[in-house]
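Here are the chains, one letter per residue:
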Amino acid sequence: MDKPQKPLTILNLTGELIPELAEYFSSKNIEVVDPLVNNEQKDWTHIITKDIHNFDHLNIVYDLIKQDRHVISLSKVLDLQNFTINNGNLILDDCWFKGPMGNFILDKYLQGYGGITLGDNYPVFKEEGSFNISNPFNTGEYLDRMVHKAFEGGVEALSIKTCFDHLMMYVSGLKNKGKAGFPIEVTYGTYEDIFAVQVHFYSKQLNVLDFSTSLSSSISKKAEEYLLNVAVQSTDFFDFSYMPEVSKVVMTTLWTKDERIKFENRGLMITAVEGGVPLAQYDNENAPASITVSGKEIPDFSSKVTIPSSVPDEVSSTVVKGSEESEDGSTVVSGSANGEGESSTVVSGNELTEDEVRLVQGGEVLEEVIQTVKGKVEEDKSIFKLGGSKLDVDKTVFKIASSIDEATKEKNLAVRSLGDSLPGSIKTGLFDFAKDLNKSVDDLNAGDLEKFEVQRIPDILKNELEASLKVKSLPGNVVGNSESGQMVKNLEARLMTANSEKEKLKTQLKAMASEVRILKESRNKLAEIQAKASQAAGDMIVKDDPSEKERKELQDKIGQKNLNDQDLQKINSLLEKLKQEEIKIRKLELESTQKDMVFNQQLEKAEREVRAKDLMLIKSKESFTKLIEKKEKEIVDFKSKTDQLSKALTTGASSTNNQIMKDLEKQNQNLNKQVEMYKLKISSMATNLQPSKSEDNLKDEARKLQMLNQQMKNQLIQSKREVEKLQAKVASDNSAMMTLKQDKAKLEAELKKAAHEVKEKTAAVQNSQSDQELKRLQAQNQVLETQVKDSLQKITNLEAKLTEALKPQRNSNGPEEGSKVKVTQLENSVKKLTQDLIDAKNQIAEAKKETNKLRQDKTALQNQLDKMKKEADKAKSAAPKKPGGKAA
Amino acid sequence: MKTETQNFIKLQVKDLSKKIVCEGHLYLSSGGRKFYLMKPGVFVDPGFIKKYAITNHTFDFESVVNENVKEKFKTLFRELRYLRFEKDLREKSFEILGYFHRVFSDNEHFLSFALACHEEFCQVPFEEQLKMHETDMHLYRKALYAAAFSVTVALSNDYYDFLMLRDFYNLTFMLDIGLCQSSYSYFVAQACNEENKMPGSGKEFLLKEKASEFEMEVFLKHPAKSYEVLKSLSILAFTELAEVTLYQHELSDGTGFPRGVFKGQVSSWEAIVIFSDSLVEIIADYTFENDVLKYLLEFKNQKLQDLPVNRVYKKLCYTFDHFKALKETGS
């Protein structure tokens, strides 16, 4: 972590620093300026404060965020949210400087070093243990070990556990927001009597709101708003570091045994939180787009940041983005003394005084005001009393500076109006006291009265006592031993009474003061009432009805009998008015009767409803009583059962029950395991469904593909063989065809010969040979036909097989490239086979054609043969019969 | 250690094709001569299988993996997976480490454990594995061993969660996936070797060898590239852990790349992966005692945190007396 290059110049608003701290700064050559001593203005890098709890105004005056000025508080801060948002990042109580850690923490803060491990962050600490958290809801044993270690070291374990638990919840919240990642690494160690726990985790784009929103001091239903606050308050020192380079958050917590620190958190350090700066920045056109933090220029994300709804009002009220509209409880001060035209909003419940306005406008620097009243802004209670609804340090400063206190006024009044009720000695004492102060009794203020009460009243009372004792001892002048004892007792009694008188006086004073106050208030009230009454009376006179006056005048005139035309007209008009009024009254009466009717009806309705409700109640009561009775019965049954069971347990059935219980537990465990198994299976199924397939799937697929490949190969081989067989058959068919052709040719030749013989010879020549040949041809033809049919059948079978083999190949589109290649190869081979088949089919078709031709030839030949036979028969019949002779 | 008696078995191509990783030494006998084809832990290339499937060769195979050991580790990992409570998880992790220690004291080959881890933890897609193998055969082999080693280192550092262990495995496996680019060359491979031997020397090597601009880019930007690939795959349960890939070449003095992060900014979970990836040399017979411990001994801790390393010393090497003696004497 790099710190800004500019030299450290610190403005000290606390008055005098403790010697250890002053020595530290001087040893490091760090310039610390006290505005009371040196009024010089510098480019402050840090501002040290003490007992300030609202830093809004400090931010406005010193421009903390824009100028990258950090606030260091040397006392506890009540509102950590306000502190962090206003660039406050170190709270370190003076008491830390009594031990060795104070200087170290300041070194770490100002030099800006740190690291992931406890050794890097706090090198003096010895690591006692470490663990990692992958699941924030699974930390029990780790935490137990750590707490045990702390307990051994005498550190309060409860605070450690509280802090750690809340930190884990806070990190879980960040994780839910997507701003933190697991694992979380935890290391813990010790140094002398200090116990340290360090937590670090990955966190992307963390900004100031991510931790300031969780620092709310009010506990609400939204736990994420105060988780970090609880964690911080449980520690003695809390160090929150962010490493933007590597996007990691390191949180170190320290616990000491120091009694001064034991009861409340006395330290907080926040370093290098990127993105925090622009959030609280006031809108300014001239402002740079990016801001330099820790030596690095970071982009302005303010435009991207939206304030979540969970942000408390206090936070959102401090985040001002250039709007000039005044919100509730805020005052807009436009313009400035320098004439720059900027506007700033001051959050306050009350109206601003002139001084405040001047201050906000920039006409007066705050430290000038603070210098004048330094030392008075100490007690928070007074601030609350004066500040009204919202705590405002600077406002209280102005009020104190003006030193007009209502309480002091009252006290003065009380003293001034004491009158005769005080004893003479005190009166004279008071006058003497006033004389000593060169004041009149009326000019005495509250401080003077207090002084009088403390310094003078005891002396006056003493003197009075002594005087009275002297008076009593003088007459005898000789005092015996017995009398002296009595005297001592008397004296003691007088002293007691004097004390009681003193107390009485005090109470009288207080009572008088309260009486005076009441009287004053009652007088004021009386005066106000009188004034109001007089004002009201005046108004009444002014608002008197004119018609009444006229009526009176008319009545006088009627009495005097001096009526003229105008008077008559007036009488008429009055009568008309009377009529109208009567009509109005009647209308009103009618309306009132109607309203009464409606009211009565509604009353009746309400009564009915009430009755119905009563009935319901009675019924429900009855049902409840029944239910209760039933439940009581059940309870009695349960009790009897439990008694029986307990008896059974005591009598000896315990072993069997235990066995049953164990079996049931086992069954339960098994079932749970099964459920988990199924869940996992479902999850694995779900993952398998995703595009990125698992390896097992791929393997299975590869195996399936291989199987398919094998099947395809086998089928291919089979089909090849069948094709070969078919080809062989086709060849044999061809040869048969050839023989048939040859036979045909022979037959033709024979036919020609036969025809020639028929022509040349006469009938009854030849037919026996040709008949035989025909029979042979027919037989051959039949054989051929059956062969062709068989081959056709086989071809169709092959086609069907091929189509079947092709189907799965087409369906399986494996993801692997190798298998794809194989599939394509197979497809090619199948294509070749189909081509071969087509060729074979063509050949068969040709063979069919040839067989058809042959058939035709055969039929033709048969026809010819038939003809030949017929002719031969004719010839036989037509042959000349020899007389008495035999036919040839 | 290579055994004296070599037990060869005949292995069909179809049997070899069922494996993703070669589980032993693979030879091809031809003409009375033996040719060494594959080392243990090498990716079984589908091209190789295709080539020999045509001729339907039978190989001589000598397995180095003890199936019993592998199965035992797988069972232990599965048991770890279904545990939910810290105590059970820690006890199981101790059991795994104890078994690991016992087995590898007997000179068992590291591949038995590496394969068990691969089968139980690996979520890296097959295509990415193939890509790694095709880029550089040794790249895949190194990833396989280093990823397995990351599991032991994580267990030694008290990371018991199964999903976390799986993420460590896959992260370590994919640390160098960014190198799998077209510009990857022999020089880049050598630069990686140099970087592993002597952290910080890879760039110098490339400059010395006058490597091209692309080669330099591949080398210097591969962590970022790996990060991108890992992000795009979304195989991690703890997605933020992907950032660990950016730390693989960071050095404790801040002179590493790509960001120049110092030792004090690196967490233990990052150091586990870096440490596991720093396995210098992978010889064929990779045994724990002779190789891993030797590596631990030679580990000069130039890369970031020493805490994970110390924990590994503490939990894994506690009975290796000779190793202890070596460490103490510094020889």
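Cut-offs used in this document
- Each chain has its residues counted from 1, following the order in which its sequence is written.
- Chain labels run from A onward and ligand labels from 1 onward, assigned in the order the entries are written.
- Selection of residues for local features in this predicted model requires a pLDDT of at least 70, selection of side-chain atom pairs for listing and counting requires 80 or more, and totals for whole chains, interfaces and linings are taken over all residues.
- As a rule here, side-chain values cover all heavy atoms of the structure and leave hydrogens and water aside.
- Secondary structure elements follow DSSP: runs of H or I no shorter than four residues count as helices, runs of E no shorter than two count as strands, and numbering proceeds from the N terminus.
- Every residue pair with non-hydrogen atoms within 4.5 Å of one another is taken to be in contact.
- Working definition of accessibility: Shrake-Rupley area with a 1.4 Å probe, residue cover restricted to the visible protein chains.
- Throughout this description, buried means an accessible area under 20% of the type-specific maximum (1.4 Å probe, protein chains only), exposed means over 50%, and partly exposed covers the range between.
- The term buried area refers to how much accessible surface (probe radius 1.4 Å) is lost by two components on association, counted for both of them together.
- Basic side-chain nitrogens of Lys or Arg form a salt bridge, by our definition, when they fall within 4 Å of a carboxyl oxygen of Asp or Glu.
- The definition of a polar contact used here is a pair of N or O atoms within 3.5 Å, where within protein one atom must be able to donate a hydrogen and the other to accept one, and adjacent residues in sequence count solely through side-chain atom pairs.
- Under the scheme applied, nonpolar residues are Ala, Val, Leu, Ile, Met, Phe, Trp, Tyr, Cys and Pro; charged residues are Asp, Glu, Lys and Arg; polar residues are all the others, including Gly.
- If DSSP finds at least two bridges between two strands, the strands pair.
- Note on geometry: axes are lines fitted to C-alpha atoms, helical ones only across the stretch in contact, with angles between N-to-C directions running from 0 to 180 degrees.
- Note on aromatic pairs: the rings of Phe, Tyr and Trp (six-membered ring only in Trp) are paired at centre separations within 6.5 Å, and the planes decide the class, stacked below 30 degrees, edge-to-face beyond 60, tilted for the rest.
- In these notes, a set of buried Ala, Val, Leu, Ile, Met, Phe, Trp, Tyr and Cys residues joined through side-chain atoms within 4.5 Å is what counts as a nonpolar core.
- What the arc measures is the spread of directions leading from the helix axis to the C-beta atoms.
- Angular relationships are summarised with four words: roughly parallel below 35 degrees, roughly antiparallel beyond 145, roughly perpendicular across 65 to 115, and oblique for the angles in between.
- The sense of a crossing depends on the near helix, which, turned anticlockwise from the far helix by less than a right angle, makes the crossing left-handed and, turned clockwise, makes it right-handed.
- Scored from 0 to 100, pLDDT reflects the predictor's confidence in each residue.

Here's the deal with the overall build of chain A
Here is step 1: Within chain A, the secondary structure is distributed over 24 helices and 15 strands.
Here is step 2: Intrachain contacts of chain A at a sequence separation of at least 6 include 66% that bridge at least 24 residues.
Here is step 3: Carbon together with sulfur atoms contributes 53% to the accessible area of chain A, which is approximately 55,200 Å² in total.

Some thoughts on the overall build of chain B
Here is step 1: Along its length, chain B carries 15 helices and 4 strands.
Here is step 2: Within chain B, the proportion of its 331 residues that are buried is 58%.
Here is step 3: Intrachain contacts of chain B at a sequence separation of at least 6 include 71% that bridge at least 24 residues.
Here is step 4: Looking at chain B as shown, the accessible area adds up to about 13,900 Å², and 51% of this sits on carbon and sulfur atoms.

Quick word on the interface of chain A and chain B
Here is step 1: On the side of chain B, 37 residues touch chain A, which itself brings 37 residues to the contact.
Here is step 2: Of the roughly 3,200 Å² buried where chain A meets chain B, counting both sides, 48% is carbon and sulfur surface.
Here is step 3: Our count for the contact surface shared by chain A and chain B stands at 4 salt bridges.
Here is step 4: Residue B:Glu240 is joined to A:Lys175 by a salt bridge in which the shortest nitrogen-to-oxygen separation is 3.1 Å.
Here is step 5: Counting the contacts that link chain A with chain B gives 13 residue pairs in polar contact (both at pLDDT 80 or more).
Here is step 6: For the side of chain A that touches chain B, the secondary structure elements donating two or more residues are strand 6 (126–133), helix 6 (140–152), strand 7 (181–191), strand 8 (194–202), helix 21 (565–689) and helix 22 (695–760) of chain A.
Here is step 7: Here the residues of the side of chain A that touches chain B are counted per class, giving 13 nonpolar, 12 polar and 12 charged.

Some points on the sheet that holds strand 1 (residues 9–12) of chain B
Residue and element names in this part refer to chain B.
Here is step 1: Read across the sheet, 4 strands follow the order 1-4-2-3 without closing on themselves; strand pairing throughout is antiparallel. In the strand order of this sheet, the two ends are held by strand 1 and strand 3 (33–38), each with one partner. When the angles between neighbouring strand axes are averaged without regard to direction, this sheet yields 40°.
Here is step 2: Where strand 2 (residues 24–30) meets strand 3, 5 bridges bridge the pair, whose relative direction is antiparallel.

So, the packing of aromatic side chains
Residues and elements named next belong to chain B.
Here is step 1: Taken as a whole and assessed by the stated rule, the structure comprises 35 aromatic pairs over all chains.
Here is step 2: For the ring pair Tyr 52 and Phe 59, a centre distance of 5.3 Å and an interplane angle of 70° mean the geometry is edge-to-face.
Here is step 3: Judged by its relative accessible area of 0%, Phe 59 is buried.
Here is step 4: An angle of 55° between the planes, with centres 6.1 Å apart, marks the rings of Phe 77 and Phe 113 as tilted.

Some details on the nonpolar core
Here is step 1: Counting residues in each nonpolar core, the largest one holds 149 residues, and the members touching the most others are A:Met146, A:Phe164, A:Leu228, A:Phe240, A:Met251, B:Phe73 and B:Phe113.
Here is step 2: Here this core gets 12 residues from one element, more than from any other, and that element is helix 7 (residues 137–156) of chain B.
Here is step 3: Discounting residues that sit within four places of it in the chain, B:Phe113 has contacts with B:Phe73, B:Phe77, B:Phe100, B:Phe104, B:Ala148, B:Val151 and B:Thr152.
Here is step 4: Within the second largest apolar cluster, 29 residues are counted, among which are A:Ile10, A:Tyr24, A:Trp96 and A:Tyr122.

Digging into the side chain of A:Asp107
Here is step 1: Looking at the secondary structure, you find A:Asp107 in helix 4 (residues 101–111).
Here is step 2: Setting aside anything within four residues of it in sequence, one finds A:Asp107 in contact with A:Tyr24, A:Lys28, A:Gly112 and A:Tyr113.

Concerning the environment of B:Phe262
Residue and element names in this part refer to chain B.
Here is step 1: Residue placement: Phe 262 occurs in the loop between helix 11 (213–233) and helix 12 (268–277).
Here is step 2: Given a relative accessible area of 46%, Phe 262 falls into the partly exposed group.
Here is step 3: Taking the C-alpha atoms as reference, Phe 262 lies 6.7 Å from Leu 251; in sequence the two are 11 residues apart.

Observations regarding helix 2 (residues 46–55) of chain B
In an α-helix, one turn spans 3.6 residues, which is why side chains three or four residues apart end up on the same side.
Residue and element names in this part refer to chain B.
Here is step 1: Within the sequence span of helix 2, burial applies to Phe 48, Ile 49 and Tyr 52. Within helix 2, the buried residues cover an arc of 95° as seen down the axis, which keeps them to one side. Every exposed residue of helix 2 that faces more than 90 degrees away from the buried side is listed here: Lys 51 and Ile 54.
Here is step 2: Elements that come into contact with the buried residues of helix 2 comprise helix 1 (13–17), strand 2, strand 3 and strand 4 (58–63).
Here is step 3: The N-cap residue of helix 2 is Asp 45: its side-chain oxygen and the backbone nitrogen of Gly 47 are 3.0 Å apart.
Here is step 4: Immediately beyond the C-terminal end of helix 2, within one or two residues, lies Asn 56, with a positive phi of roughly 55°.

What to know about the packing of helix 8 (residues 162–173) of chain B against helix 12 of chain B
Residues and elements named next belong to chain B.
Here is step 1: At a closest axis distance of 10 Å, the pairing of helix 8 and helix 12 adopts a crossing angle of 45°. For the element pair helix 8 / helix 12, the angle class is oblique. Once helix 8 is placed against helix 12, the crossing between them reads as right-handed. Across from Phe 168, Leu 171 and Thr 172 in helix 8, the residues of helix 12 making contact are Trp 269, Ile 272, Val 273, Ser 276 and Asp 277.
Here is step 2: Residues belonging to the contact of helix 8 with helix 12 are distributed by class as follows: 5 nonpolar, 2 polar and 1 charged.

Looking at the pattern of salt bridges
Residues and elements named next belong to chain B.
Here is step 1: The full count for this structure, using the stated rule, is 29 salt bridges over all chains.
Here is step 2: Between Glu 119 and Lys 70 there is a salt bridge whose closest N-O contact spans 3.0 Å. Pair noted here: Glu 119 is in helix 5 (residues 110–121) and Lys 70 is in helix 3 (residues 67–81), with a separation of 49 residues, a long-range link.
Here is step 3: Residue classification places Glu 119 among the partly exposed residues on the basis of a relative accessible area of 32%.
Here is step 4: One salt bridge in this structure joins Glu 120 and Arg 78, with 2.9 Å as the shortest N-O distance. Highlighted residues: Glu 120 in helix 5 and Arg 78 in helix 3, separated in sequence by 42 residues.
Here is step 5: The network of salt bridges with common partners includes Lys 19, Glu 23, Glu 67, Lys 70, Glu 71, Lys 74 and Glu 119.

A short note on the sheet that holds strand 4 (residues 70–73) of chain A
All names here are of chain A.
Here is step 1: Taken in spatial order, the 11 strands of this open sheet run 2-1-3-4-5-11-9-10-8-7-6, and their pairing is mixed. Every interior strand has two partners, whereas the edge strands, strand 2 (31–33) and strand 6, have only one. Between one strand and the next, the sheet's axes are offset by a mean angle of 20°, whatever the strand orientation.

With respect to the side chain of B:Asp176
All names here are of chain B.
Here is step 1: By secondary structure assignment, the location of Asp 176 is in the loop between helix 8 and helix 9 (186–197).
Here is step 2: Relative accessible area serves as the criterion here: at 12%, Asp 176 is assigned to the buried category.
Here is step 3: Apart from the residues lying within four places of it in its own chain, the contact partners of Asp 176 are Leu 139, Lys 142, His 222, Ser 226, Gln 248 and Asp 277.

With respect to the confidence of the model for chain B
Residues and elements named next belong to chain B.
Here is step 1: This prediction gives chain B a mean pLDDT of 80; 82% of its residues lie at or above 70.
Here is step 2: Here helix 15 (residues 321–329) stands out as the element of chain B with the lowest mean pLDDT, 49, in contrast to helix 3, whose mean of 95 is the highest.
Here is step 3: Below pLDDT 50 for its whole length, residues 1–5 participates in 7 contacts with residues either more than four positions away or in separate chains.
Here is step 4: Every residue in residues 300–304 is under pLDDT 50, and counting partners more than four places away or in other chains gives 21 contacts.

Comments concerning the packing of helix 5 of chain B against helix 7 of chain B
Residue and element names in this part refer to chain B.
Here is step 1: Interhelical geometry of helix 5 versus helix 7 gives an angle of 85° and a closest axis separation of 9 Å. With respect to helix 7, the axis of helix 5 lies roughly perpendicular. Listed contacts from helix 7 to Phe 110, Leu 111, Phe 113, Ala 114, Cys 117, His 118 and Phe 121 of helix 5 are Tyr 140, Leu 144, Tyr 145, Ala 148, Phe 149, Val 151 and Thr 152.
Here is step 2: Across the contact of helix 5 with helix 7, the residue classes break down as 12 nonpolar, 2 polar and no charged.

Observations concerning the pairing of strand 3 (residues 46–49) of chain A
Residues and elements named next belong to chain A.
Here is step 1: Because side chains alternate across strand 3, one face comprises the buried residues His 46 and Ile 48, and the other comprises Ile 47 and Thr 49, equally buried.
Here is step 2: Direction of pairing for strand 1 (residues 9–12) relative to strand 3: parallel, over a ladder of 3 bridges. Counterpart to Asn 12 in the pairing with strand 3 is Ile 48.
Here is step 3: Bridge analysis of strand 3 against strand 4 gives 4 bridges, and the strand direction is parallel. By the bridge assignment, Ile 48 is partnered in strand 4 with Ile 72.

Regarding unusual backbone geometry
Here is step 1: Going from A:Phe182 to A:Pro183, the amide bond is cis rather than trans, its omega being 5°.
Here is step 2: Structurally, A:Pro183 is set in strand 7.
Here is step 3: Backbone geometry at B:Asp158 places phi at a positive 65°, although glycine is not the residue there.
Here is step 4: Within the element layout of this structure, B:Asp158 appears in the loop between helix 7 and helix 8.

As for the pairing of strand 11 (residues 267–271) of chain A
Residues and elements named next belong to chain A.
Here is step 1: Counting buried residues in strand 11 gives 5 out of 5 residues, a clear majority hidden from the surface.
Here is step 2: Because side chains alternate across strand 11, one face comprises the buried residues Gly 267, Met 269 and Thr 271, and the other comprises Leu 268 and Ile 270, equally buried.
Here is step 3: In this sheet, strand 11 lies alongside strand 5 (residues 88–92) in antiparallel orientation, the contact comprising 3 bridges. Each residue of the ladder has a partner; that of Leu 92, found in strand 11, is Gly 267.
Here is step 4: Bridging between strand 9 (residues 237–243) and strand 11 involves 4 bridges; their strand directions are parallel. Looking at the pairing, Ser 241 lines up with Thr 271 of strand 11.

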